[in-house]
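Chain by chain, the residues run as shown.
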Amino acid sequence: MDAITLSAYAKINLTLDVTGRRPDGYHTVRMVMQSVGLHDDVTVTRTGTGGVTLACDKPFVPTDGRNLAVRAAEHFFACTGLSCDGLHIALKKRIPVAAGLAGGSTDAAAVLRALDTLYGAGLSTDALCGMGLALGADVPYCLVGGTMLAEGIGEALTPLPPMPDCWAVLCKPGFSVSTAAVYAQMNGGDLPERPDTAGVLRALQAGDYAGVCHRLYNVMERVTACAHAEIGQIKDVLLACGADGAAMSGSGPTTFGLFRSEDKARKAYAALRRDFPDTHLTRMQPGWGR
Ligand code: ATP
């Protein structure tokens, strides 16, 4: 096999809590992560000559060593000792960039999986997750996907019962936020309000969709929403259209609503697209398994 195309799924945060800060400066987190069907297409081709090249259909995405997919390939060869006989990565991006949806991390995870198959490396998911962690805290989750509790800096993963199937409307307003800048305002995890993570875990265990929806909570939302009124406006539209719950994902600014009703989800999608073209209608996505 010379080429493989994988779907690289976006994630949303059903909860996001910042629990502290390690001596090395990384924040520790506790979050319930969920894959959604919105995905990039990642095609990895062995070309037989040269190094690692990348092309992307979005001109503002870097195609050199700043791209996490390129770094993933280089890291794979460095870790396995396999020699690169020329590799081309083609990215078709659908996931909004710098949006809190782990777009770069999921592309990197797809490259690691693709190379494991193309080179017959036979690495375990744990080994791939170890490699992925060196690229970014969300990469191990993206290698596994589905509904997961992520702790540590995001790499300590516990599988959860799947989120009951529903629709999601994802809306990225026309600005980006720096994850590092949002963390810098998190006050070392000393926060006035926290998500009811235990309640979400109980609701997932019971298959209680409404119980998850009314507990969606992201401690970073306050920081981003204070600086950008759009977050509140998007939530208002989602809830007015009948969302069962709404929250910001990751460090933002993408804000999402969950819907049992397809009709209401489509109504919210149409309403938001008028002002925010980077709006997407999608569903929950199961994981890859371990
Ligand atoms: P994070 O929370 O880690 O910042 P994100 O999901 O909010 O992740 P990404 O879409 O990964 O954001 O983009 C963050 C930055 O990474 C952007 O500035 C972008 O230029 C760069 N980047 C590197 N590789 C990729 C990639 N494969 N796809 C999208 N952006 C990438």
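Everything quoted here is computed from the prediction, not taken from an experiment.

Novice: Would you mind showing me how to read the packing of helix 2 (residues 103-118) against helix 3 (residues 125-133) here?
Specialist: In a packed pair of helices, the relevant descriptors are the angle between the two axes and the axis-to-axis distance. Running from amino to carboxyl end, helix 2 crosses helix 3 at an angle of 130°, the nearest separation of the two axes being 10 Å. Between helix 2 and helix 3, the angle is such that the two are oblique. Crossing handedness for the pair helix 2 and helix 3: right-handed. Two secondary-structure elements touch here, helix 2 through Leu112, Arg113 and Asp116 and helix 3 through Thr125, Leu128, Met131 and Gly132. For the contact of helix 2 with helix 3, a count of residues per class yields three nonpolar, two polar and two charged.

Novice: Help me understand the pairing of strand 3 (residues 52-56) in this model?
Specialist: Across a regular strand the side chains alternate sides, sitting on one face of the sheet and then on the other. Relative to strand 4 (residues 87-92), strand 3 runs parallel, the two being bridged by five bridges. The residue bridging Val52 from the neighbouring strand is Leu87, located in strand 4. As a crossover connection, the stretch from strand 3 through helix 1 (residues 68-80) into strand 4 is left-handed.

Novice: Honestly, the site of the ligand in this entry has me stumped. Any pointers?
Specialist: Asn67, Ala98, Gly100, Ala102 and Gly104 are the nearest of the 16 residues found near the ligand. Separating an oxygen atom of the ligand from a backbone N or O atom of Gly103 is a distance of 3.2 Å. When the ligand is considered free in solution it has 600 Å² of accessible area, and contact with the protein chains removes 73% of it. With three residues, helix 2 is the largest single contributor of residues to the shell around the ligand. Of the residues belonging to the shell around the ligand, the class tally is eight nonpolar, five polar and three charged.

Novice: Sorry, what's going on with the sheet that holds strand 9 (residues 245-248) here?
Specialist: The pairing of strands in a sheet happens through backbone hydrogen bonds and is either parallel or antiparallel. Read across the open sheet, the four strands follow the order 9-10-7-11; overall the sheet is antiparallel. Edge strands, defined here as strands with exactly one partner in the open sheet, are strand 9 and strand 11 (279-283). On average, adjacent strands in this sheet sit at an angle of 20° to one another, irrespective of strand direction. Bridging between strand 9 and strand 10 (residues 255-259) involves four bridges; their strand directions are antiparallel. Directly across from Ala247, in strand 10, lies its bridge partner Phe256. Strand contacts of helix 9 (residues 229-240): strand 7 (167-171), strand 9 and strand 10, with the helix running at about 10° to strand 10, the strand carrying the most contacts. Those strands touched by helix 10 (residues 262-275) are strand 7, strand 10 and strand 11, and its axis lies near 10° from that of strand 7.

Novice: Can you walk me through the pattern of salt bridges in this structure?
Specialist: Pairing between side chains of opposite charge can happen when the charged atoms of each approach one another. One pass over the full model with this rule turns up 12 salt bridges. We note a salt bridge from Asp107 to Lys93, for which the minimum N-O separation is 2.9 Å. Taken together, the positions of Asp107 in helix 2 and Lys93 in the loop between strand 4 and helix 2 put the pair 14 residues apart, joining distant regions of the chain. Assigned by exposure class, Asp107 and Lys93 land together as buried. Members of the salt-bridge network, linked through shared partners, are Asp40, Lys93 and Asp107.

Novice: For this particular structure, what's the right way to read unusual backbone geometry?
Specialist: Generally, phi is negative for residues other than glycine and the peptide bonds are trans, each holding for most cases. Along the chain, Gly252 connects to Pro253 via a cis peptide bond; the corresponding omega equals 5°. Within the secondary structure layout, Pro253 lies in the loop between strand 9 and strand 10. Here Ala98, not a glycine, exhibits a phi torsion of approximately 50°, which is positive. Note on placement: Ala98 falls in the loop between strand 4 and helix 2. Of note, the phi angle at Ala102 is positive, near 65°, even though the residue is not glycine. Residue position: Ala102 is located in the loop between strand 4 and helix 2.

Novice: Help me understand the side chain of Gln34, please; the structure alone is not making it clear to me.
Specialist: One can find Gln34 in strand 2 (residues 27-46). Within the structure, Gln34 has its side chain in polar contact with the backbone oxygen of Gln285 (distance 3.4 Å). When near neighbours in sequence (up to four residues on either side) are disregarded, Gln34 contacts Ala10, Lys11, Ile12, Leu14, Tyr141, Gly146, Thr147, Met163, Met284 and Gln285.

Criteria and thresholds
Residues numbered from 1 in each chain as written. Predicted model: local features only at pLDDT ≥ 70, side-chain atom pairs only at ≥ 80, totals over all residues. Heavy atoms only, no water. Axes fitted to C-alpha atoms, helices over the stretch in contact; angles between N-to-C directions. Helix = DSSP H or I, 4+ residues; strand = E, 2+ residues; numbered from the N terminus. Parallel < 35°, antiparallel > 145°, perpendicular 65-115°, else oblique. Left-handed = near helix turned anticlockwise from the far one by under 90°. Contact = heavy atoms within 4.5 Å. Nonpolar A, V, L, I, M, F, W, Y, C, P; charged D, E, K, R; others polar. Pairing = 2+ DSSP bridges. Right-handed = clockwise from strand over helix to strand, strands pointing away. Near = heavy atom within 4 Å. Polar contact = N/O pair within 3.5 Å; in protein donor to acceptor, adjacent residues only side chain to side chain. Areas by Shrake-Rupley, 256 points an atom, 1.4 Å probe, with all protein chains shown as cover. Salt bridge = Lys/Arg side-chain N within 4 Å of Asp/Glu carboxyl O. Buried < 20%, exposed > 50% of the residue type's maximum accessible area, 1.4 Å probe, protein only.

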